[in-house]
Amino acid sequence: MDAPLTDLGYLERFCKSDRSRMEKYIQMYLSGAPDLFEKMNSALAAQDGESLAVAAHSARPQVNYMGAQKLFDLLTILEQQSRTEGASTCHALVKEAMDLNEKVMAELRG
């Protein structure tokens, strides 16, 4: 079995172990993440490196709350690379981030 992609310990501490508050943040992530990641896809299609960097940067706090460290690290790399090398070099990173986000979301639903 694969290691979990999320660690809700941070969210638990942030919410002071209030389970209903934790559920609220998880639901906010599940409803908001698809739009955040679609912005990355749109920026990539437009070859807009700065917008791609902003989109990756914007997703990082929500990903961090879910304790999805691997995805957080990937978004950090994506943000830096899109700023320094341009969007055209980020196709594989965006695909990997989108795929990983789908797995994170599936894990959070479970």
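Residues numbered from 1 in each chain as written. Predicted model: local features only at pLDDT ≥ 70, side-chain atom pairs only at ≥ 80, totals over all residues. Heavy atoms only, no water.

## Brief notes about the overall build of the protein chain
The criterion, for reference: The numbering of helices and of strands both runs from the N terminus, where a helix is a DSSP run of H or I of at least 4 residues and a strand a run of E of at least 2. Note on exposure labels: buried denotes an accessible area under 20% of the residue type's maximum, exposed denotes more than 50%, and partly exposed covers the range between, all computed with a 1.4 Å probe on protein chains only. It only takes one pair of heavy atoms within 4.5 Å for two residues to be counted as in contact. Using a 1.4 Å probe, accessible areas were evaluated by the Shrake-Rupley method; residue-level cover was limited to the displayed protein chains. We treat Lys and Arg as the positive residues and Asp and Glu as the negative residues; His and chain ends play no part in the count. Taken as the charge centre is NZ of Lys, CZ of Arg, CG of Asp or CD of Glu, depending on the residue.
Along the backbone of the protein chain there are five helices and zero strands. Going from N to C terminus, the protein chain has its helices and strands arranged as α-α-α-α-α. With respect to the principal axes defined by its C-alpha atoms, the protein chain has extents near 40 × 30 × 20 Å. Within the protein chain, the proportion of its 110 residues that are buried is 41%. Put simply, of all contacts in the protein chain between residues at least 6 apart along the chain, 62% involve residues at least 24 apart. Summed over its atoms, the accessible surface of the protein chain is roughly 6300 Å², and 53% of this surface lies on carbon and sulfur atoms. Across the protein chain, the 12 positively charged side chains and the 16 negatively charged ones have centroids separated by 6 Å.

## Points about the pattern of salt bridges
This is how the line gets drawn: Salt bridges, as used here, are contacts in which a Lys or Arg side-chain nitrogen is within 4 Å of a carboxyl oxygen on Asp or Glu.
Evaluated as defined, the whole model comprises five salt bridges. Ionic pairing is found between Glu-12 and Arg-19, a salt bridge with its closest N-O pair at 3.1 Å. Judged by its relative accessible area of 52%, Arg-19 is exposed. Arg-83 is paired through a salt bridge with Glu-50; the nearest N and O atoms lie 3.2 Å apart. Here Glu-50 lies in helix H3 (residues 49–65) and Arg-83 lies in helix H4 (residues 69–85), a separation of 33 residues in the sequence. Residue class for Arg-83 comes out partly exposed when judged on its relative accessible area of 41%.

## Here's the deal with helix H5 (residues 91–109)
Threshold: The span one expects for a helix is its residue count, reduced by one, times 1.5 Å. The arc under discussion is defined with respect to the helix axis, by the directions toward the C-beta atoms.
For H5, built from 19 residues, the straight-helix expectation of 27 Å at 1.5 Å per residue is met to within 8% by its first-to-last C-alpha distance of 27 Å. Listed in full, the buried residues belonging to H5 are Leu-93, Val-94, Ala-97, Leu-100, Asn-101, Val-104, Met-105 and Leu-108. One side of H5 holds all its buried residues, which, seen down the axis, span an arc of 145 degrees. Facing away from the buried side of H5 by more than 90 degrees, the exposed set consists of Ala-92, Lys-95, Lys-103 and Arg-109. Check the buried side of H5 and you find it contacts helix H2 (19–45), H3 and H4.

## Here we look at unusual backbone geometry
When glycine is set aside, most residues are seen to have a negative phi, and most peptide bonds are trans. Here Ser-17, not a glycine, exhibits a phi torsion of approximately 65 degrees, which is positive. With respect to the secondary-structure elements, Ser-17 resides in the loop between helix H1 (9–14) and H2.

## Observations regarding the packing of aromatic side chains
The geometry of an aromatic ring pair is captured by the separation of the ring centres together with the interplanar angle, meaning the angle of the planes. Rules: Any Phe, Tyr or Trp ring, taking Trp's six-membered ring, that has another such ring centre within 6.5 Å forms a pair; planes under 30 degrees apart are called stacked, those over 60 apart edge-to-face, and the others tilted.
The full count for this structure, using the stated rule, is five aromatic pairs. Here the aromatic rings of Tyr-10 and Phe-14 are separated by 6.4 Å at their centres, their planes lie at 10 degrees, and the arrangement is stacked. With a gap of four residues between them, Tyr-10 and Phe-14 both fall in helix H1, about one helical turn apart. Given a relative accessible area of 33%, Tyr-10 falls into the partly exposed group.

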